[in-house]
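Letter by letter, the chains look like this.
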Amino acid sequence: MIPKNHPRYESLILREKIKKANEEGYLADSGMIAHGRGEAFDYLIGEKTIATAHEAIKAAVATFILAKDPVISVNGNSVALAIDDIINLAKVLNGKIEINLFYRTKERVKIIKNLFEKKGTDVLGSDDDELLFIEDLESPRATASKNGIYSADLVLVSLEDGDRTEILVNSGKKVIAIDLNPLSRTAQMADITIVDNIIRTIPLMIEVANEFKEKDDKYLKMIIANFSNQENLKKSLESIKLK
Ligand code: PTJ
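Calculation notes
Residues numbered from 1 in each chain as written. Predicted model: local features only at pLDDT ≥ 70, side-chain atom pairs only at ≥ 80, totals over all residues. Heavy atoms only, no water. Core = buried A, V, L, I, M, F, W, Y, C linked by side-chain atoms within 4.5 Å. Buried < 20%, exposed > 50% of the residue type's maximum accessible area, 1.4 Å probe, protein only. Helix = DSSP H or I, 4+ residues; strand = E, 2+ residues; numbered from the N terminus. Contact = heavy atoms within 4.5 Å. Pairing = 2+ DSSP bridges. Right-handed = clockwise from strand over helix to strand, strands pointing away. Phe/Tyr/Trp six-rings, centres within 6.5 Å; stacked < 30°, edge-to-face > 60°.

Draft legend 1. Representation of the nonpolar core. Residues Phe116, Ile194 and Met205 are the most contacted members of the largest nonpolar core, which totals 58 residues. The element best represented in this core is helix H4 (residues 76–93), accounting for 11 residues. With residues near it in sequence (within four places) discarded, isoleucine 194 still touches Ala53, Ala56, Ile57, Ala60, Ile176, Ala177, Ile178, Asp179, Thr201 and Met205. Grouped together as the second largest cluster of nonpolar side chains are 12 residues, Ala144, Ile149, Val155 and Leu168 included.

Listed below in structure tokens is the structure:
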């Protein structure tokens, strides 16, 4: 039991969630390492949503609303930390949810699918689904549901650093990434990168989505036109360096 007045309470609670996911058998073996890397970057940005992330969230939500067939991609770490928020975001933004694991095993996919189903939410990407392969991507992460990531025009990815974003972008999809590391390959390759902790980002995306749903396309397009991912990433890095 972690005392609520512990100075690292929030951070310890997140560790507990990651530990629990590991015990339940759906975290990747290296999921704890990935979490540790995230913690280090979160420390460097002051464990709060920085101004550049707020800007990226607005551009991301505007892009999401204008998308025809958006999909939220989930893995072991994102489910461990943010399953309820992910479900709510998918509802607010009319997006599908798809399981996409780098270290894919039948067992892990089954456990994650059950977690969503217990909450009354359907997910794509399981072994019961029609799975295709995204061109050029030779990892198990290449699987893509025919009615999900394969045909999506926008994919939200989080907590992954690798070659998938580049391939999704090259295949003509828009990619939004949530990644605490502004230097990761995923962060650098995405169309819009939100440099923030997933546990803060998704609730903020939901807030902005509720506000932006009332806006017209012209307003949303203006938000997107005024956003530069390269500039935003540069400023995010500067805010780390200034600390
Ligand atoms: O469940 P699987 O099989 O798909 O595997 C998932 C992991 C996370 C193990 C796999 O994708 C992986 O190895 O990821 P990486 O290469 O360690 O990348 C994880 C990225 O997420 C790093 O850039 C971290 O800084 C970032 N990150 C970690 N925790 C958070 C985070 N970003 C946002 N919020 C976090 N809480």
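Draft legend 2. Quick peek at the pairing of strand S5 (residues 154–158). Among the 5 residues of S5, 5 are classified as buried, and the element is accordingly described as predominantly covered. Alignment of strand S1 (residues 70–74) against S5, held across 3 bridges, turns out to be parallel. Bridge assignment links isoleucine 72 to a residue of S5, and that residue is leucine 156. Two strands pair when backbone bridges link them, and S5 and strand S6 (residues 174–178) are joined in this way by 5 bridges, in the parallel orientation. For leucine 154, the partnering residue across the bridge sits in S6 and is lysine 174. Between S5 and its parallel partner S6, the chain crosses via helix H6 (residues 164–170), and the hand of that crossover is right-handed.

Draft legend 3. Structural detail: the pairing of strand S2 (residues 96–99). Direction of pairing for S1 relative to S2: parallel, over a ladder of 4 bridges. The partner of isoleucine 72 across the bridge, within S2, is isoleucine 97. Each parallel crossover has a hand, and for S1 linked through H4 to S2 it is right-handed.

Draft legend 4. Expanded view of the packing of aromatic side chains. One pass over the full model with this rule turns up 2 aromatic pairs. Plain terms: the ring middles of phenylalanine 102 and tyrosine 103 are 4.8 Å apart, the flat faces sit at 85 degrees to each other, and that makes the pair edge-to-face. Residue phenylalanine 102 is classed as partly exposed on the basis of its relative accessible area, which comes to 31%. For tyrosine 103, a relative accessible area of 45% corresponds to the partly exposed category. Between phenylalanine 212 and tyrosine 219 the ring centres are 5.7 Å apart and the planes differ by 85 degrees, which places this aromatic pair in the edge-to-face class.

Draft legend 5. Main features of unusual backbone geometry. In this structure, glutamate 47 takes a positive phi of about 50 degrees despite not being glycine. Residue placement: glutamate 47 occurs in the loop between helix H2 (31–44) and helix H3 (51–66). Classification of glutamate 47 by relative accessible area gives partly exposed; the value is 32%. The backbone phi angle of leucine 159 is positive, close to 55 degrees, even though this residue is not glycine. On the basis of relative accessibility, which here comes to 30%, the residue leucine 159 falls in the partly exposed class.

Limitation: the analysis is restricted to geometry and does not speak to function.
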